[in-house]
Structure formats: C-alpha cells, structure tokens
Amino acid sequence: MHEGSITVRLPADLREIERLNRLIRQFGELHEVPSRALYAVNLALDEVVTNIVRHGFEDPKDQEVIAQVIAKPTEVITEVSDSGRAFDPLAIPPPNLDAPLAERTLGGLGIHLVRSLMDGVDYRRADGKNVLTMRKRIR
Amino acid sequence: MQIKENKQGEVLILTISEHLDSATAAVFESRLLGLVDRGERKIVVDCGSLEYVNSAGLKVFLLAAKRLEPLGGKLVLCALAPSVLMIFEMIGFTRIMKIVPSLDDALKALGGEAAPA
C-alpha cells in the first residue's frame, strides 16, 4: 500500500455521496489499499456522511461535509467533519441484534455498521465542528 | 439499481442489481412494499447481482420482513455476494431473515417449484 491522502469537500446533498464513493474507490485503487479495507472505508464513509446530510443541519443548503482519507502503511484513517449541530453518533445505543423480527427497530443500523467495520471510531467537537475519526487496520 | 419482477407460481421473485443505497432505497422500498400491499405473500429477492448495500437499503428488507410476518407471508433473500452477506451478518439480519445460497433454495424454502434434479 502506498502512503497518501485525499480530501473531498462535498455539498451536503445525498446525491453527492455516489461521487464521494467513486473518488475514494479511485484513491484506494491508486494507493493499493486492500479491497476489503477499501470496501469497509467506503461503506463507513457512506453511512457517516448520509447521517450528517440527513440530520446534521437545519437547512443543508450551502453547507458542506469534509472527508479526508489517509493511507498509511498499516492503517487507513478516515476523518469526517461538518459544521452542523453538535452530534455524537457514538452516543446512539446499539441495535439489539438478539431481538426477534417483530421487535427489531430501524434506528442505529448505520452507526452499528460503522463500528463493526472499523477498528476504532472517535468523536470530538472542536471549533464548532463535529469531527469523527475512524481507523481501519490493514492486516 | 435495476429491479426486475418475475412470478413463478405463488412466488414473486424480485431481482435487484448494482447499488442499493441512499439514492435508490426509496424506489426499492415502494416497489417491495407495494407488492406486499397488493397481496403477494411469498417474495424472493435475488441479490445475485447486488454489489453494494448500505443501511438505507438494509432498512427496506427489515420493513418488508416485519410487514409480511403478521400477514403469514415470508421474505427470502438469495445469492448474496460475500461482501453483502457480511453486512447482513454484522447487522444481525441472518438471525431474523431467511437467507439462502441460491434461487433454487429460495423457491424450495417457500414450497414453490422444485429445483430440477
């Protein structure tokens, strides 16, 4: 894997996520990020950005989300920041995976996937921004 | 995403392809739930050509399975790619939904047309 990074600023619009995914895939292929790790990074990024666009802003017009992906020799670090309302996705309770079908609820699936796909997820609020940092080890 | 519909006896087979994500989930939701509303009770979703699913897409499967259960219906998913199956396992859906390797298995699970010997 080759070291490098990419920063994508995208308008807070669900239609932009496909473009983000495409850019990250191209970056990953160029830097020879192993395909399993790249898949995980892409899906986690999709979930996080979708959540921000859907719930982060009073009015998403003219707002943006900044995503940075850094490829290092042993891990891929992904950082997502936005200036929306303070929101810690890690505070969402995990879904009850043991519940029978009738009692399974729709909430919390995305952030559960993010936690499961990544080896570490940290949230901080700094300078009026939400910053979520995700780490994926390369094995 | 493309959605194809095919009826085999009592079983309705939906074939979906490419990406089931935030951009396409709403279309899939109205299609799948529309089938339940019009009375379909045995539904197979053939995921053999599905390359990518996110939580928006996963929610559609959960909604449909939850709606079918009290109606005595059943949703069966088949032919999931390993990377897609991994996501279903992570979210615990393999415990609450019938997920089988092939379309033949899905038809058998619904008591439909037997697979050729």
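- Chain B has the name Anti-sigma factor antagonist in an unreviewed UniProt entry, where Chthoniobacter flavus Ellin428 is given as its organism.
- In its Sequence similarities (unreviewed entry) section, UniProt records this for chain B: "Belongs to the anti-sigma-factor antagonist family."

- Naming follows an unreviewed UniProt entry, where chain A appears as Putative anti-sigma regulatory factor, serine/threonine protein kinase of Chthoniobacter flavus Ellin428.

1. Structural notes on the overall build of chain B
- On a plain count of helices and strands, chain B comes out with five helices and five strands.
- For chain B, the sequential pattern of α-helices and β-strands runs β-β-α-β-α-β-α-α-β-α.
- On C-alpha atoms alone, chain B measures out to a radius of gyration of 13 Å, which is about the 13 Å that the 2.2 N^0.38 rule sets for 117 residues.
- Projected onto its principal axes, the C-alpha coordinates of chain B cover approximately 35 × 30 × 25 Å.

2. Details of the interface of chain B and chain A
- At the interface, 18 residues of chain B touch 20 residues of chain A.
- Listed by contribution, the elements that provide at least two residues to the side of chain B that touches chain A are α2 (55-68) and α3 (82-90) of chain B.

3. Some points on the UniProt feature "domain: Histidine kinase/HSP90-like ATPase" (unreviewed entry) in chain A
- UniProt annotation of "domain: Histidine kinase/HSP90-like ATPase" (unreviewed entry) refers to residues 10-136 of chain A when read in the numbering used here.
- Each end of residues 10-136 of chain A is marked by a C-alpha atom, and these two atoms are 22 Å apart; helix forms 35% of the span and strand 26%.

4. Let's talk about the sheet that holds strand β3 (residues 75-82) of chain A
Residue and element names in this part refer to chain A.
- Pairing within the open sheet is antiparallel, and its five strands lie in the order β1-β2-β3-β5-β4. Only two strands of the sheet have a single partner each, and these edge strands are β1 (4-11) and β4 (120-126). Neighbour-to-neighbour, the strand axes of the sheet open up by a mean angle of 15 degrees, direction not taken into account.
- Pairing geometry for strand β2 (residues 64-71) and β3, over seven bridges, is antiparallel. Looking across to β3, one finds that A71 is bridged to V76.

5. With respect to the UniProt feature "transmembrane region" (unreviewed entry) in chain B
- Cross-referencing UniProt, the feature "transmembrane region" (unreviewed entry) maps to residues 75-97 of chain B in the present numbering.
- For the annotated span residues 75-97 of chain B, helix accounts for 57% and strand for 17% of the residues, and the straight-line distance between the end C-alpha atoms is 7 Å.

Parameters at a glance
- Residues numbered from 1 in each chain as written.
- Chains lettered and ligands numbered in written order.
- Predicted model: local features only at pLDDT ≥ 70, side-chain atom pairs only at ≥ 80, totals over all residues.
- UniProt positions renumbered as here; feature names shortened; annotations may be inferred.
- Helix = DSSP H or I, 4+ residues; strand = E, 2+ residues; numbered from the N terminus.
- Rg over C-alpha atoms; globule rule 2.2 N^0.38 Å.
- Contact = placed C-beta atoms within 7 Å.
- Pairing = 2+ DSSP bridges.
- Axes fitted to C-alpha atoms, helices over the stretch in contact; angles between N-to-C directions.

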